[in-house]
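Working through the structure, step by step
Residue-level listing of the chains:
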Amino acid sequence: MDKLLTPSAGQTHLLLGNEAIVRGALEAGVAFATCYPGTPSSEVPDTLYRLRKESPDKVKYYFEYSTNEKVAMECAAGAAVGGLRTLCTMKHVGLNVAADPLMTLAYTGVNAGMVVLTADDPSLFSSQNEQDNRFYARLSGLPMLEPAGPAELKAMTVYGFKLSEELGLPVLLRTTTRVNHARESVTFAPLGKVKTKAEFKKNPFRFVTVPAVSRQLHLKLLKSYEQAQAISEASDLNPITGKGKLGVIVSGVSANYVQDALDDLGAKNQVKVLKLGLSWPLPEKKIVKFLKAVEKVLVVEELEPIVEQAVKALAQQNRLDLPIAGKGPGLFSRAYEYNPRLVRDVIAHYFGFKYKGTTALKLDDTPNLPGRPPNLCPGCPHRATYYAVKQVVGDQAIHPTDIGCYTLGLLPPISMADFVICMGSSVSSSGGLNRATGKKVVSFIGDSTFFHSGITGLINAVHNNHDFTLVILDNGTTAMTGHQPNPGVDTTAMGDPTTHIDLEGVVRGLGVTHVTTIKPFKVRASIEAIKEAVDHKGVSVIISKEICPLFGRRIAPKSRKPFQVNLDKCKGHLDCINKVACPAMFKEEGKARINPLQCIGCALCAQICPENAILPVKAEG
Amino acid sequence: MKTQRIVNVGVGGQGNLLASNLLGQAALEAGVPVVVSEIHGMAQRGGVVESAVLLGGAKSPIVSDAEADIIVSFEPVETLRILNKAHKGTLVITNTRPLPPFTVAIGQAPYPKPDEAIKFIKKKVGRLVAFDGQELAEKAKNPLSLNMVLLGALFAVGELPVPVKTMKKMIKQNSKERFVEANLKAFDLGFQAAAGN
Ligand SMILES: Cc1ncc(C[n+]2csc(CCOP(=O)(O)OP(=O)(O)O)c2C)c(N)n1
Ligand code: SF4
């Protein structure tokens, strides 16, 4: 049995932050969980999915990968209004998609604990922006918890359900990559009892948000906000530690950097620290008291100066004129994550402490290092699709693309990604780009992304008579974020009792008349089909259907049949290497070579080679 | 307890995250305060993978520039790339077997000469332990056990507060049955290679 399912209290394990959320939810007796995956949140749903699969008799919660974050939020809202303890997880940009239901769910409130995880990604390790989702607490009026590490993350998940029930509101749990993806020792409390059925009492004056009702509900939310603020004032999640006449106000993972910095600087007796764990509503009275007890304050918060500005406003209201700083030259930046040295340096500089740390090496004489960008895997079907499309449209078409493994088609030699802003934007922006430029537009979207938010864009395109070709890269999984299922996936191999939705049927149902499904490793046939689609006036769709081999091998292991280059036949054109950049290939003495440990035998290069020099290893003998 | 800041760097698929996780678990078992951090995401697709293990009581999960006490690198070019984390007292343990990135294979960029790379690192940092760890992994009969080889080397020269016995126990507990023997062998070979250094 998995350690996370240990029923009793007492054991201590080294848990990933995201595993700590799962344990916390289990200790709180979570009964319902929804998500849309996205780094750095994905291990939460993936762990819930795995536990349910591995130990169906031990696990009592319902879990689903929802179609997108809005759907996840609404499905979770139904369960929480229906009286079940509910967890809903997503990455930071996912909350943009789910913002619409969230804002009004704050009005209706919930009938059982509901925790919403928003996992931010300062420094954009795997995201399209680094927006600061602490703003969503301010925007929605909902309370927010901000853990500094995995142990707190577990504790705050448990507390989040309790707080949610106390207030009758969903609670936002806001993490950052360094909290989700840190490991530390976490001590278990017993697993909670799970209530799996509840009763929904109809109450249109609370749950049907017509204007007349919502006018009242808004006032009620403002009342709840006051109640939440009183809780925040008294909460031991907002502790003051240390002593002295200098002050630091801090939240999130930075609290750890501050602790270490004060240790290194030997300044524990000169600096008081107010840590904001229940960071919204702000404990204003506590902050004012803190300001009155110190002479100078530094606010340490990654990304936007949200707390800093609030603290400055409080100081002004209370006629306090002590220096308060956070962002600015010589201090902190609004971009990127912080680190221990940066925080130590800024604290030392701002308060005038001396510290002699290690010096950086002089590295300006480092030899030029070859880059190591991520690349599509050997045998990735996306590479074959890109190759075929390029044979048809050359470099002349515009390629709106989308978010997934296939975004790596950005890199040379493929270079077929021209515009992407968010999931689904490939489809909707295609019409705009085509009408603005009159140019041929061939856009790309993955299957998971198509179900997530491509469908509405495609309906729009058909309805408004746009003119472009959409290529749906149907690799049967959500590869980028760790191979989660999506509505188009046939999950029978995985033993899931879900219904598989036929992509081609959906596309036809949306009114697209020119739809062709291709097998991208049949290069010649694919090129023919793409040619016809591109020549079609209006919206045409190509579904390029081939399983992601990394995923395919995991669900149904089979042996690889690598290819090799016949060096007598190879004339050194190197088309194979230069046109598709498969990582299993390399150049030696002017000829192409294939690393048999990496090649999975997709045969794309064999079809590109004008000399027919690339053959299966066996056939060569 | 003195804080030890250890950075592991390698290429997707080399098992660097597992090495950090296992070291973290061994520390926990031995009662040594520990935090580990990982960056997931692009790991599967051949990019650089970095993780950190902080032993001895630091709360921060990451290691800043010029503050690594130990760097364990799975690939020589990545050793060069991560030297910004080193200072002149840093102990660097590196595998010397190149795993050229694709940019080299297609002739976009040259791969630095291995001996010169090693010489360069030696000049910059306090102590360098460099050997062909991949060869030892192959000798241990699990080509994917480079992470175990490097853990062995780390235990030989890193003066860690975690007993070797505890580390081996964690390796045993967390390896698939059929790899236990090879992984422990790989650990020992790495240990010997570094201890003689
Ligand atoms: C709103 C939003 N939610 C989640 C993500 C994280 N994310 C990035 S790509 C992706 C899915 C990719 O799946 P698919 O479109 O099938 O392409 P594949 O990776 O399989 O090629 C997800 C969930 C995101 N970037 N934005
Ligand atoms: S994980 Fe799958 S979809 Fe992603 S690059 Fe690799 S083969 Fe392609």
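A short tour of the structure in this document, coming up. (Residues numbered from 1 in each chain as written. Chains lettered and ligands numbered in written order. Predicted model: local features only at pLDDT ≥ 70, side-chain atom pairs only at ≥ 80, totals over all residues. Heavy atoms only, no water.)

Describing the overall build of chain A
The cut-off we apply is this: Each helix is a run of DSSP H or I of at least 4 residues and each strand a run of E of at least 2, with the numbering of both proceeding from the N terminus. The globule rule used for comparison is 2.2 Å times the number of residues to the exponent 0.38, while the radius of gyration itself is calculated over C-alpha atoms. With a 1.4 Å probe rolled over the protein chains alone, any residue whose accessible area is under 20% of its type maximum counts as buried; one over 50% counts as exposed, and the rest are partly exposed. The criterion used for residue contact is that any of the two residues' heavy atoms lie within 4.5 Å.
A count of helices and strands for chain A gives 23 helices and 22 strands. Computed over the C-alpha atoms, the radius of gyration of chain A is 27 Å, within 12% of the 25 Å expected from 2.2 N^0.38 for a compact globule of 621 residues. If you line up chain A on its principal axes, its C-alpha atoms span 80 × 70 × 55 Å. When burial is assessed residue by residue, chain A has 58% of its 621 residues classed as buried. Counted over contacts in chain A with a minimum sequence separation of 6, partners at least 24 positions apart contribute 78%.

Some remarks on unusual backbone geometry
For the bond from Thr-39 of chain A to Pro-40 of chain A, the omega torsion is 5°, close enough to zero to count as cis. In this fold, Pro-40 of chain A is placed in the loop between β2 (32-35) and α2 (43-54). With an omega dihedral of 0°, the bond running from Trp-280 of chain A to Pro-281 of chain A counts as a cis peptide bond. Within the element layout of this structure, Pro-281 of chain A appears in the loop between β12 (278-280) and α12 (284-293). Unusually for a residue other than glycine, Leu-303 of chain A sits at a positive phi of about 65°. Note that Leu-303 of chain A resides in the loop between β13 (296-300) and α13 (306-317). Even without being a glycine, Ala-66 of chain B presents a positive backbone phi close to 65°. Mapping Ala-66 of chain B onto the fold places it in the loop between β3 (48-55) and β4 (70-73). For Ala-66 of chain B, a relative accessible area of 1% puts it in the buried group.

Comments concerning the site of ligand 2
Where we set the bar: In these notes, residues near a molecule or strand are those with any non-hydrogen atom within 4 Å of it.
For ligand 2, the full set of nearby residues is Leu-376, Cys-377, Cys-380, His-382, Cys-405, Asn-475, Ala-479, His-483, Cys-548, Pro-549 and Leu-550 of chain A together with Arg-45 of chain B. Those residues lying near ligand 2 are distributed over chains A and B.

With respect to α13 of chain A
All names here are of chain A. Selection criterion: To estimate how far a helix should reach, multiply one less than its number of residues by 1.5 Å.
Compared with an ideal rise of 1.5 Å per residue, which puts twelve residues at 16 Å, α13 spans 17 Å between its outermost C-alpha atoms and is within 8% of the ideal. All of the buried residues along α13 are Ile-306, Val-307, Glu-308, Val-311, Leu-314 and Ala-315. Where α13 is buried, its residues meet α6 (134-140), β10 (246-251), β11 (271-276), α12, β13 and β14 (324-325). Where α13 terminates, the next one or two residues include Arg-319, which has phi positive at roughly 50°.

Comments concerning the side chain of His-92 of chain A
Residues and elements named next belong to chain A. So the rule is basically this: Here a polar contact means two N or O atoms within 3.5 Å. Within protein one must be a hydrogen donor candidate and the other an acceptor candidate, and residues neighboring in sequence count only if both atoms are side-chain atoms.
Looking at the secondary structure, you find His-92 in helix α4 (residues 92-97). Of note is the side chain of His-92, whose polar atom sits 2.9 Å from the backbone oxygen of Asn-129. Beyond its immediate sequence surroundings of up to four residues, His-92 is in contact with Thr-118, Ala-119, Asp-120, Asp-121, Ser-127, Asn-129, Glu-130, Gln-131 and Asn-133.

Observations regarding α2 of chain A
Residue and element names in this part refer to chain A. Look at α2: 16 Å from first C-alpha to last across twelve residues, which is about the 16 Å you get at 1.5 Å a residue. Within α2, burial applies to Glu-43, Val-44, Pro-45, Thr-47, Leu-48, Tyr-49 and Leu-51. Tucked into the core, α2 has its buried residues touching β1 (12-16), α1 (17-27), β2, β3 (62-65), β4 (86-91) and β5 (114-120).

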